[in-house]
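Breakdown of the fold
What follows is the residue order along each chain.
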Amino acid sequence: MNLADLQSFKKKGEKITCLTAYDASFAKLFDACGVDVILVGDSLGNVIQGGENTLGVSMEDMLYHTQAVVKGIKEALLIADMPYQSYTHAEKTLENAQRLMSVGAQMVKFEGGAEHEASFKILQANNIPVCGHLGLQPQSVIEMGGYKVQGRDDSSAQRILADAKFLESWGVETLVLECVPAELAKKVSQSINIPTIGIGAGVDCDGQVLVSYDMLGINTGYLPKFVKNFLSEHSSIESAVKGYIYSVKSQTFPNDEYSY
Ligand code: KIV
């Protein structure tokens, strides 16, 4: 998988599959099953480190896990999250993104919209592919007042749509949409030419991502409505992951039960 493949998936209407991984063994298994994109998410703060949120994840943590994941991958595209406070100004963003790329990330992801214009632009100027992240932004969980669906009212929906267009114009390659109403995610996906990857954003995004520990039932804490445990209807991790891929590609996941 490369950046051009992501674009061509959107053009031909094939859904992109993405799962998070934090170590080489899971990455190898997901890659062998045919997952298109593997994300080293800062959700590792929750599922690996046991934190209440992702704010405690450091650059060193992200580098450590990215280095491990890259060893398991042969085919999938590897995206690494930029952790909390690692992209507060443009020069810092560039330095930290370069560190993630130097250990094997092929794209970096960070949360937020127009407020990060300088960071998006400096990465584009330095040819570092970026994945945006709009809607629910877990690193802003305190400001957002909890893990709540975003874009339900007209003004916040307009802001998400406007941010998506800004990000596209600043050269962002792909966009995660988290926890937004399915209708809004559909509108955003149709309004931009870059692929959207949804999590709790309905079936009309150009791809889907889930936290692997959630969709394998390893995380037994609070699970949002959009999480489906694929292992509960399969007899092995491998068949659960293949079931997830099949459901995303055939657009049977996420149905209304898993959408807002
Ligand atoms: O950190 C993560 O796992 C993520 C996904 C929820 C998209 O950002």
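As a reminder, the structure under discussion sits directly above these lines.
As a starting point, this report considers the structure included with it. Each chain has its residues counted from 1, running along the sequence as written. In keeping with the model being predicted, local features are shown solely for residues with a pLDDT of at least 70 and side-chain atom pairs are shown and tallied solely at 80 or more, while totals for entire chains, interfaces and linings include all residues. Derived side-chain values reflect all non-hydrogen atoms in the structure, with water molecules and hydrogen atoms excluded from consideration.

On to the side chain of Ser189. Per the convention used, a helix needs a DSSP run of H or I reaching at least four residues, while a strand needs a run of E reaching at least two, with both numbered from the N terminus. The residue Ser189 is located in helix α8 (residues 182–191) in this model. Two N or O atoms form a polar contact when they lie within 3.5 Å of each other; inside protein one atom must be a possible hydrogen donor and the other a possible acceptor, and for residues adjacent in sequence the pair counts only when both atoms belong to side chains. Of note is the side chain of Ser189, whose polar atom sits 2.7 Å from the backbone oxygen of Ala185. Look past the residues within four positions of Ser189 in its chain and what remains in contact with it is Lys10, Leu177, Thr196, Asp204, Cys205 and Asp206. Residue contacts follow a heavy-atom distance rule, with two residues in contact if any of their heavy atoms lie within 4.5 Å.

Turning our eyes to something else, we now look at the environment of Ala4. Positionally, Ala4 belongs in helix α1 (residues 3–12). A relative accessible area of 52% places Ala4 in the exposed class. When the C-alpha positions of Ala4 and Glu173 are compared, they lie 9.6 Å apart, and in sequence the two are 169 residues distant. Three exposure classes are used, based on accessible area relative to the maximum for each residue type with a 1.4 Å probe and protein chains only: buried under 20%, partly exposed in between, and exposed over 50%.

So, about α1. Of all the residues in α1, the buried ones are Leu6, Phe9 and Lys10. Here the buried residues of α1 occupy an arc of 95° about the axis, which is enough to place them on one side. Facing away from the buried surface of α1 by more than 90 degrees, the exposed residues are Ala4, Lys11 and Lys12. The backbone nitrogen of Ala4 has a side-chain oxygen 3.1 Å away, supplied by the residue at the start of α1, namely Asn2. Comment: arc refers to directions from the helix axis out to C-beta atoms.

Let's shift gears to the site of the ligand. Neighbouring residues of the ligand: 13 residues in total, closest Gly41, Asp42, Ser43, Asp81 and Lys109. One of the side-chain nitrogen or oxygen atoms of Ser43 is found 2.5 Å away from an oxygen atom of the ligand. Lys109 places a side-chain nitrogen or oxygen 2.7 Å from an oxygen atom of the ligand. Out of a free accessible area of 260 Å², the ligand has 95% covered by protein chains. Nearness here has a simple test: a residue counts as near a molecule or strand if at least one of its heavy atoms is within 4 Å of that partner. Computed with a 1.4 Å probe, the accessible areas rest on the Shrake-Rupley method; for each residue, only the protein chains presented here act as cover.

Below, the discussion takes up unusual backbone geometry. Look at the link from Phe253 to Pro254: it is a cis peptide, with omega at 0°. Its identity is not glycine, yet Gln85 carries a phi of approximately 70°, on the positive side. Relative to the assigned elements, Gln85 resides in the loop between β3 (77–81) and α5 (90–102).

Centres within 6.5 Å are what make two rings of Phe, Tyr or Trp a pair, Trp counting through its six-membered ring; a difference in plane orientation under 30 degrees is then read as stacked, over 60 as edge-to-face, and the rest as tilted. Counted by the stated rule, this structure contains eleven aromatic pairs. Centroid distance Phe26 to Tyr213: 5.8 Å. Interplanar angle 50°. Geometry classified as tilted. Taken together, the positions of Phe26 in helix α2 (residues 24–33) and Tyr213 in helix α9 (residues 212–215) put the pair 187 residues apart, joining distant regions of the chain. In this structure Phe26 comes out as buried when scored by relative accessible area, which is 18%. Chaining the aromatic ring pairs together yields one cluster made of Tyr87, Phe110, Phe120, Phe166 and Trp170. In this structure, Lys228 packs its charged tip against the face of Phe230, placed 4.8 Å from the ring centre. We call a charge positioned over a ring when the NZ of a Lys or the CZ of an Arg lies within 6 Å of the ring centre and within 35 degrees of the ring normal.

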